[in-house]
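Breakdown of the fold
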Amino acid sequence: MKILVTTDFSDNSKSAVLFAASLAKQVPETALVFYSAVSLLQPETWNLSFYQEYEKEEKKRLTASLEKWVKSVLGSQLKYISSCKYLIEFVQGTEQAIIQAALKNKCHYICIASNGAGVLRKLMGTHTAYLVNHSSIPVLAIPSHYKSTPLQNILYVSDFENLSGELKKLGTFTGSLKVNTKVLHYARMGVNHPETKKKAALFAQEKYQDIQPVILPTNLEYSLIERLTKFIKKEKPGLIVLFTKQKKGFFEKLFLPSKAAELTYSTKVPTLIFPK
């Protein structure tokens, strides 16, 4: 597993660094690329050769600062990471630069801290939102004040569309993790509807025997956000997994409505978002 871990050297971004390191401890041979995109413009009074020399020295200085900062954040946890790389890039657009850096370094995931109240409450309108809607690489969004602990329970929230394909992608993440996985689905057509039962039968297959499906009726008295909040409060998963159609899809339907502001507990939970 290879993860691009973004940081701007702030306290808020520490949660992404700590989460990635904790994950690396659980998954052997995990490589981390610590990445910071920095805005740097050439002053009009500087000639090109002078600016290029300055840029070279500044990148060298910032790369050393990044390594020092990461080591100060992680301390003894560094010994559990099989490979570390420190990367500084001077860019004009941070979000696109993150995506391109992840692609260039052949990373499997992008790990980013979410500022403000947390991942799900203030996701839209942030760097994280852009990555979720544009990155072909799955995004790990970590609340800025999250305290990393080993992953033990994962909650995959599913609309049951392309279930086998999504479970296969989820398996690439959980394959080396010893975790309990639950799949939560709110059945719009009813728990006992033939179509619901047909899709749920997938979990009877041997390769999915360690995954527990949780199929609940759609109670229209409460919004999806309210139902999900209640379930998360009860189950306390260490990670929520979602799949989204970029631009318009399940993810936005789930978190863009005004009721999203009520999802306060879930803002404390890291989220892994795959593109559909």
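Residues numbered from 1 in each chain as written. Predicted model: local features only at pLDDT ≥ 70, side-chain atom pairs only at ≥ 80, totals over all residues. Heavy atoms only, no water.

So, the nonpolar core
Here is the rule: By nonpolar core we mean a set of buried residues, namely Ala, Val, Leu, Ile, Met, Phe, Trp, Tyr and Cys, connected to one another through side-chain atoms within 4.5 Å. Per-residue accessibility, obtained with a 1.4 Å probe over protein chains only, is compared with the maximum for each type, and a residue is labelled buried under 20%, exposed over 50%, and partly exposed between these values. A contact between two residues is defined here by any heavy atoms of the two lying within 4.5 Å.
Within the largest apolar cluster, 51 residues are counted, with the highest numbers of intra-cluster contacts made by Leu140, Leu167 and Phe173. Setting aside its immediate chain neighbours within four residues, leucine 140 contacts Phe19, Leu23, Tyr109, Ile110, Cys111, Ile112, Phe173, Leu239, Thr271 and Leu272. Formed by 16 residues, the second largest nonpolar core is a distinct cluster that contains Leu87, Ala97, Ala102 and Ile110.

Quick notes on the sheet that holds strand E7 (residues 180-187)
This is how it is decided: Any two strands are treated as partners once DSSP identifies two or more bridges connecting them. Where helices and strands are cited, they refer to DSSP runs of H or I of at least four residues and of E of at least two residues respectively, numbered from the N terminus. Simply put, an axis is a line fit to the C-alpha atoms, just over the touching stretch for a helix, and the angle between two N-to-C directions goes from 0 to 180 degrees.
Taken in spatial order, the 10 strands line up as E3-E2-E1-E4-E5-E10-E9-E6-E7-E8 in an open sheet, and their pairing is mixed. Lying at the two open borders of the sheet, with one neighbouring strand each, are strand E3 (83-91) and strand E8 (211-217). Averaged over neighbouring strand pairs, the angle between their axes works out to 25 degrees when direction is ignored. Pairing geometry for strand E6 (residues 153-157) and strand E9 (residues 239-244), over 3 bridges, is parallel. Looking at the pairing, leucine 155 lines up with isoleucine 240 of E9. Set on the sheet, helix H2 (residues 48-74) makes contact with strand E2 (31-39) and E3; between it and E3 the angle comes to about 135 degrees.

So, the packing of aromatic side chains
Test applied: We call Phe, Tyr and Trp rings a pair once their centres come within 6.5 Å, taking the six-membered ring for Trp, and we label the pair stacked below 30 degrees between planes, edge-to-face above 60, and tilted otherwise. Any Lys NZ or Arg CZ found within 6 Å of a ring centre and within 35 degrees of that ring's normal is scored as a charge over the ring.
Following the criterion strictly, the structure yields 10 aromatic pairs and no others. Relative to tyrosine 86, the ring of phenylalanine 34 lies with its centre 5.6 Å away and its plane at 15 degrees, an arrangement referred to as stacked. With a gap of 52 residues between them, phenylalanine 34 in strand E2 and tyrosine 86 in strand E3 connect regions that are remote in the sequence. Ring plane angle 80 degrees and centroid distance 6.4 Å describe the contact between tyrosine 109 and phenylalanine 274, whose orientation is recorded as edge-to-face. Taken together, the residues tyrosine 109 in strand E4 (residues 109-114) and phenylalanine 274 in strand E10 (residues 271-275) connect sequence positions 165 residues apart. Among the residues examined, phenylalanine 274 registers a relative accessible area of 4% and is labelled buried. Taking NZ or CZ as reference, lysine 25 lies 4.3 Å from the ring centre of tyrosine 80, over its face. The ring centre of tyrosine 186 lies 4.9 Å from the NZ or CZ of arginine 227, which sits over that ring.

Points about the confidence of the model for the protein
As a reminder of what qualifies: Known as pLDDT, the predictor's confidence for each residue is given on a scale from 0 to 100.
For the protein, per-residue confidence averages 83 on the pLDDT scale, and 88% of positions sit at 70 or higher. Here helix H8 (residues 250-255) stands out as the element of the protein with the lowest mean pLDDT, 51, in contrast to strand E1 (residues 2-6), whose mean of 96 is the highest. Throughout residues 116-125 the model reports pLDDT below 50, and contacts reaching past four residues in sequence, or to other chains, amount to 31 contacts. In this model, residues 256-266 is a region of pLDDT below 50 whose contacts with residues beyond four sequence positions or in other chains number 25 contacts.

A closer look at the environment of lysine 85
Locating lysine 85 in the fold gives a position in strand E3. Accessibility expressed as a relative area gives 39% for lysine 85, which makes it partly exposed.

Comments concerning the pairing of strand E5 (residues 139-143)
Counted residue by residue, E5 has 5 buried out of 5 residues, so it is predominantly covered. On E5, burial covers both faces: Val139, Ala141 and Pro143 on one face and Leu140 and Ile142 on the other are all buried. Strand direction decides the pairing type here: E4 and E5, joined by 5 bridges, are parallel. Its bridge partner being in E5, isoleucine 110 is matched across the sheet by valine 139. Where E5 meets E10, 3 bridges bridge the pair, whose relative direction is antiparallel. Following the sheet pairing, alanine 141 is matched in E10 by threonine 271.

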